[in-house]
Amino acid sequence: KGFSRAELLDVYAVRRLLEVEAAARCAAEISEDDLAQLRRVHAEMEQATADGEVVAYLDADERFLHALYTAAGNPVLMETIQLLWQRCRPYKIVGVRTALEEGDPQQLLALQREIADAAAAHDAARITTLTERSIDEAMERIREALPA
């Protein structure tokens, strides 16, 4: 099933609500093991970016976010977020491709690094702001890449 532009933006609006909530909750709960996992996956994201591998980057990004949001301790919230990721996966690929090929790939990496740092500091306000920004920027890249 294809998405209409409006439907895709609706999916991203719901993702924003749920992922911001998951990120805020994880700030209080994230463990040292979870943080180590974030750092390992971030290194995979760096490698995928260097190689220009869009799908590998996206896979690593989803593992990064999965590790982050799982720390929130609500498996239903995580399952729902994953369903939304699956639903809009082709569009996420478009957004990442646009960032890697036409934008500044280092911006993607820097934002995820900042999210990991905010999680390590257990800073719920910062991680919330960064998660909102991440999803808003992804939505904007997709909006610009899709035909009107």
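About the thresholds
- Residues numbered from 1 in each chain as written.
- Predicted model: local features only at pLDDT ≥ 70, side-chain atom pairs only at ≥ 80, totals over all residues.
- Heavy atoms only, no water.
- Helix = DSSP H or I, 4+ residues; strand = E, 2+ residues; numbered from the N terminus.
- Rg over C-alpha atoms; globule rule 2.2 N^0.38 Å.
- Buried < 20%, exposed > 50% of the residue type's maximum accessible area, 1.4 Å probe, protein only.
- Contact = heavy atoms within 4.5 Å.
- Areas by Shrake-Rupley, 256 points an atom, 1.4 Å probe, with all protein chains shown as cover.
- Lys, Arg positive; Asp, Glu negative; His and termini not counted.
- Charge placed at Lys NZ, Arg CZ, Asp CG, Glu CD.
- Expected span 1.5 Å × (residues − 1).
- Core = buried A, V, L, I, M, F, W, Y, C linked by side-chain atoms within 4.5 Å.
- Salt bridge = Lys/Arg side-chain N within 4 Å of Asp/Glu carboxyl O.
- Phe/Tyr/Trp six-rings, centres within 6.5 Å; stacked < 30°, edge-to-face > 60°.
- Axes fitted to C-alpha atoms, helices over the stretch in contact; angles between N-to-C directions.
- Parallel < 35°, antiparallel > 145°, perpendicular 65-115°, else oblique.
- Nonpolar A, V, L, I, M, F, W, Y, C, P; charged D, E, K, R; others polar.

(A) Here's a closer look at the overall build of the chain. Across its full length, the chain carries 7 helices and 0 strands. Relative to the compact-globule value of 15 Å for 148 residues, the chain shows a C-alpha radius of gyration of 14 Å, a close match. Viewed in the frame of its principal axes, the chain has a C-alpha envelope of about 45 × 30 × 20 Å. Within the chain, the fraction of its 148 residues that count as buried is 45%. Sequence-distant contacts, at least 24 apart, represent 76% of the contacts inside the chain between residues at least 6 apart. Accessible area for the chain stands at about 7400 Å²; split by element, carbon and sulfur atoms hold 52% of it. Each charge class in the chain was averaged separately, 17 positive and 27 negative side chains, and the resulting centres sit 4 Å apart.

(B) Expanded view of the side chain of glutamate 19. Its place among the elements puts glutamate 19 in helix H1 (residues 5-29). Not counting chain neighbours up to four residues away, the residues in contact with glutamate 19 comprise Leu65, Tyr69, Ile81, Trp85, Thr131 and Ile135.

(C) Structural context of helix H3 (residues 54-70). With 17 residues, H3 extends 24 Å between its outermost C-alpha atoms, agreeing within 8% with the 24 Å of an ideal straight helix rising 1.5 Å per residue. In this fold, the buried residues of H3 make contact with H1, helix H2 (32-51), helix H4 (75-87), helix H5 (89-101), helix H6 (105-120) and helix H7 (124-145).

(D) Representation of the nonpolar core in the model. Grouped together as the largest cluster of nonpolar side chains are 38 residues, with contacts concentrated most on Leu38, Tyr57, Phe64, Leu68, Tyr69 and Ile127. Among the elements of the structure, H1, H2, H3, H4, H5, H6 and H7 are those that each provide at least two residues to this core. Of all the elements, H3 adds the most residues to this core, at 9 residues. The residues touching leucine 38, leaving out its near neighbours within four places in the chain, are Ile30, Phe64, Ala67, Leu68, Ala116 and Ala119.

(E) A look at the pattern of salt bridges. In the structure shown here, the tally under the stated rule is 13 salt bridges. A salt bridge links arginine 39 to aspartate 117; its shortest N-O distance comes to 3.1 Å. Of this pair, arginine 39 sits in helix H2 while aspartate 117 sits in helix H6, placing them 78 residues apart in sequence. Here aspartate 117 falls in the partly exposed class, since its relative accessible area comes to 39%. In this structure, the salt-bridge partner of arginine 143 is glutamate 140, at a minimum N-O distance of 2.6 Å. With arginine 143 and glutamate 140 both in helix H7 and 3 residues apart, this pair spans about one turn of that helix. For arginine 143, a relative accessible area of 30% corresponds to the partly exposed category. Among the charged side chains, a network of salt bridges with common partners joins Asp59, Glu62, Arg89 and Lys92.

(F) Geometry of the packing of aromatic side chains. Enumeration according to the criterion identifies 1 aromatic pair in this entry. Judged by centre distance (6.4 Å) and plane angle (40 degrees), the rings of tyrosine 69 and tryptophan 85 are tilted. With a gap of 16 residues between them, tyrosine 69 in helix H3 and tryptophan 85 in helix H4 connect regions that are remote in the sequence. As far as burial versus exposure is concerned, tyrosine 69 and tryptophan 85 are alike and both buried.

(G) Quick look at the packing of H4 against H5. At a minimum axis distance of 5 Å, the contact between H4 and H5 shows a crossing angle of 70 degrees. Between H4 and H5, the interaxial angle falls into the category roughly perpendicular. Here Trp85, Gln86 and Arg87 of H4 lie close against H5, whose contacting residues are Arg89, Pro90 and Lys92. Class assignment of the residues belonging to the contact of H4 with H5 gives a composition of 2 nonpolar, 1 polar and 3 charged.

(H) Just the side chain of arginine 141, in detail. In this structure, arginine 141 sits in helix H7. Buried charged residue arginine 141 carries no salt bridge. Nearest counter-charge: glutamate 137, at 4.5 Å. Apart from the residues within four sequence positions on either side, arginine 141 is in contact with Gly95, Thr98, Ala99 and Leu108.

By themselves, these observations are geometric and do not establish any function.
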